[in-house]
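# Report on the structure
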Amino acid sequence: MKHRSAHDIRGACALDCPDTCSWIVTVKGNEAIALRGDPEHPYTRGSLCNKVTDYLDYVRSPERVLYPMRRVGPKGSGRFIRISWDEALETIAGRLRDVIATDGAEAIWPFLGSGNMGLLQGAYGAGRRFWNVLGASRHVQTICTIAGGFGTGYTLGDNRVGMDPETFQFSKLVVLWGANVLSTHPHLWRPILQARKNGASVVCIDPIRTRTAAASDRHLAPMPGTDAALALGLLHVLLTEGGEDRDFISEHTVGWEAFRQRILEFPPSRAAAISGLSVESIIELGKRLAGTRPTGIRIGIGIQRHGGGGMAVRTITCIPGVTGDWRYPGGGVHYDTRGFFGLNWAALWRDDLRSLETRILRMTRLGEGLLELDNPPVKALFVYASNPAVSIPHQTKVLRGLARDDLFTVVVEHFLTDTTRYADIVLPATMQIEHGDLLVAYGHLYLAWNEPAVPPRGECLSTTEIFRRLARKMGIDEPALYDSDESMARQLLDSGHPSVSGITLEALKARGSIRLNYPDPFVPFATAFPTVSGKLEFVSDRMAQAGLDPVAGYTPSYEAAQRDTPLAIEYPLALVTPANHYFLNSIFANVPRQLRRAGAPTLLIHPDDAAPRGIGAGDEVRVANARGSFVAVAEVSDRIRPGVVASTKGHWPCNSKEGATVNATVDERDSDMGGGAVYHDNRVRVDKTS
């Protein structure tokens, strides 16, 4: 008998994280026996985050869904029986045909999330060709970065560009603005530490003293939603100090005089009154900003999750246009890097297969869509790479919509989540080490190929294969629906864009990951911007055309900014919902080890807010507003500023008291740009339960 030796297979993590870590799976026979970071990746350098270190146990979990299932109990009961793939696909195909015949294809909502960030298997294109052929409603992922993307786009000309994160090593001042990088972007800390070693200061701006804030040299804790006012106040100080780069402004920007007048409307005293910071702290940071080149700013996703979030990101992105930092390695703003990946998106999506224009449905409006939408109503919901019962705003409304008896729901999943409990059919999906995929990153400039390392467990199928089989079952003869994964990957790479010139699938398979064809160090906007004008736009004609204030400025949030209003009096505390250090959105929130480390849902509350309410550490509290409520354990600490409370996202309702989590209180309304979510624009009251 021959003994099989272990061998290594290169891949990459597809979770919703900027780092897109390259990894190596050690395989013996058909079993993955070890997983480690790829030490040859120049950015992630062999380290994996705390969430992924137990990934192989996650893949092998006895609770994993391994076979297709059909619901046999009431919606929400979680009672299912195993069925065959043939029965599952026949049922789905039949029900979709019925919906199309009675209400039209627009009555189908393909609900895709960021549970998988692969180009083939996940958020960027999985199933899109199939839905285009069918003519289903278009789904837009508004849950995450979209408001800030519009903000950067109005300023820089592209929604997903900024400074190269690797160049933070050259910064002399690093500003982490609403970015808890040690929990949500850990590999960025390495170039920041290199910058600090070379004399840089690190400033963190966050209402919470996070792990990152505690490790920074300076921490400012503004009220949520006031970041744009703070930015304008800092720029006011900068102008007072003469810190503007007049040559850069003259040569590479438009609309300076109008923006300058806007800045002058926000002296430090006004910025302090709005943000809740001291005048002295604003002047101190403004002076440092005026005199430190280069300054690199990392904008976290959280700061754009409120009613003025898009404008906040836009205004902060203007700061390097005033200081001229865009001209230096280590200068500028990093929000997203995906715009630098010049792939052939049209070839992946095949939107040309859609014969008619159809309506657009926003994922943050799921409750509204399921309960209120008409002409046609949503009759079929196909959920994949998403757990909307946990992650979508206005949780109570979402659950009411999912409970509709006349709604046919399919969920593609790894586990029985809160969402699957409402499904009619559950389909078992492969995990990352079991399928192939091409990956981009929104936190660096490396393209990666994930080679399948082991066969799928049970009867799990990749998302691409599920759609191929469903297309066959429905009798669709469009050849593009049957392309193999590797064929689609090659189509993506065949773009003619210089960023991927010479990067082949074979090269990616051999090396795991390859940096895009940009200089190193990469300074993308030293001389020109991808705007129509070719310059950074302090004043945007496109914003005016969209009915928005074209001058970068401050847009107040809907609820968090209110003072002495009836709403603020009834609900006196602003609630934010940051990431949990041990979960990735709602992923891993069912893993026993991560649950033990994370603990029960908590509410972080300042002693000044806890004392008048008779709340002590460890007390059970109810957090409530008109939309709903949830129960948490009080953590009384000065880690959060007065007037603000925090409870991390990601906990599952089925594992939470009263079956509700923080999103029960969050409104499903849109932010100022792009229809983004408003998770951090939420007023509540907090009471001790007994």
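Provided above is the structure to which this section pertains.
Notes on the structure follow. (Residues numbered from 1 in each chain as written. Predicted model: local features only at pLDDT ≥ 70, side-chain atom pairs only at ≥ 80, totals over all residues. Heavy atoms only, no water.)

## Points about the packing of aromatic side chains
How we decide: The pairing test for Phe, Tyr and Trp rings, Trp by its six-membered ring, is centres within 6.5 Å, and the orientation test on the planes gives stacked under 30 degrees, edge-to-face over 60, and tilted for anything in between. For the purposes of this entry, the term helix denotes a DSSP run of H or I that reaches at least four residues, the term strand denotes a run of E that reaches at least two, and both are numbered from the N terminus. Only protein chains enter the accessibility calculation, which uses a 1.4 Å probe; a residue whose area is less than 20% of its type maximum is buried, one above 50% is exposed, and one in between is partly exposed.
This structure, assessed with the given rule, holds 27 aromatic pairs. Consider the rings of tryptophan 23 and tyrosine 55, whose centres lie 5.5 Å apart with planes at 40°: the pair is tilted. Linking tryptophan 23 in strand S2 (residues 22–28) with tyrosine 55 in helix H1 (residues 55–59), this pair joins segments that are 32 residues apart in sequence. Since its relative accessible area comes to 7%, tyrosine 55 is described here as buried. Here the aromatic rings of tryptophan 345 and tryptophan 349 are separated by 5.7 Å at their centres, their planes lie at 25°, and the arrangement is stacked. Residue tryptophan 345 and its partner tryptophan 349 are both found in helix H14 (residues 345–349); the two are separated by four residues, about one turn of the helix. Here the aromatic cluster, defined as three or more aromatic residues joined through ring pairs, consists of Phe248, Trp326, Phe340, Tyr518, Phe522, Phe525 and Phe529.

## A word on unusual backbone geometry
What you tend to see is this: most non-glycine residues have negative phi, and most peptide bonds are trans. With an omega dihedral of -10°, the bond running from arginine 293 to proline 294 counts as a cis peptide bond. Locating proline 294 in the fold gives a position in the loop between helix H12 (279–291) and strand S12 (295–299). With an omega of -5°, the peptide bond between asparagine 375 and proline 376 qualifies as cis. Mapped onto the fold, proline 376 is located in the loop between helix H15 (366–372) and strand S15 (380–384). At alanine 385, a position not held by glycine, the phi torsion is positive, near 55°. If you check the backbone angles, glutamate 658 has positive phi at about 65° while not being a glycine. On the accessibility criterion, glutamate 658 (51% relative accessible area) is exposed.

## So, the packing of helix H2 (residues 85–103) against helix H18 (residues 463–473)
Where we set the bar: Only the stretch in contact is used when a helix axis is fitted, and all axes are lines through C-alpha atoms; the angle between N-to-C directions ranges over 0 to 180 degrees. By convention, the crossing between two helices is left-handed when the near helix turns anticlockwise from the far helix through less than a right angle, and right-handed when the turn is clockwise. The contact definition used throughout considers only heavy atoms, calling two residues in contact when any of these lie within 4.5 Å. Three categories are distinguished: nonpolar for Ala, Val, Leu, Ile, Met, Phe, Trp, Tyr, Cys and Pro, charged for Asp, Glu, Lys and Arg, and polar for the others, with Gly belonging to the last.
Where H2 meets H18, the closest approach of the two axes is 9 Å, and the angle between their N-to-C directions is 65°. In terms of crossing hand, the pair formed by H2 and H18 is right-handed. Every residue of H18 that contacts H2 at Trp85, Asp86, Leu89, Glu90, Ile92, Ala93, Leu96 and Arg97 is listed here: Ile466, Arg469, Leu470 and Lys473. Here the residues of the contact of H2 with H18 sort into seven nonpolar, no polar and five charged.

## A word on the pattern of salt bridges
Defined as follows: By salt bridge we mean one thing: a side-chain nitrogen of Lys or Arg within 4 Å of a carboxyl oxygen of Asp or Glu.
Using the criterion set out here, one finds 50 salt bridges in the structure. Between arginine 260 and glutamate 257 there is a salt bridge; the shortest N-O distance is 3.3 Å. Residue arginine 260 and its partner glutamate 257 are both found in helix H10 (residues 256–264); the two are separated by three residues, about one turn of the helix. Overall, the relative accessible area of 29% leaves arginine 260 in the partly exposed class.

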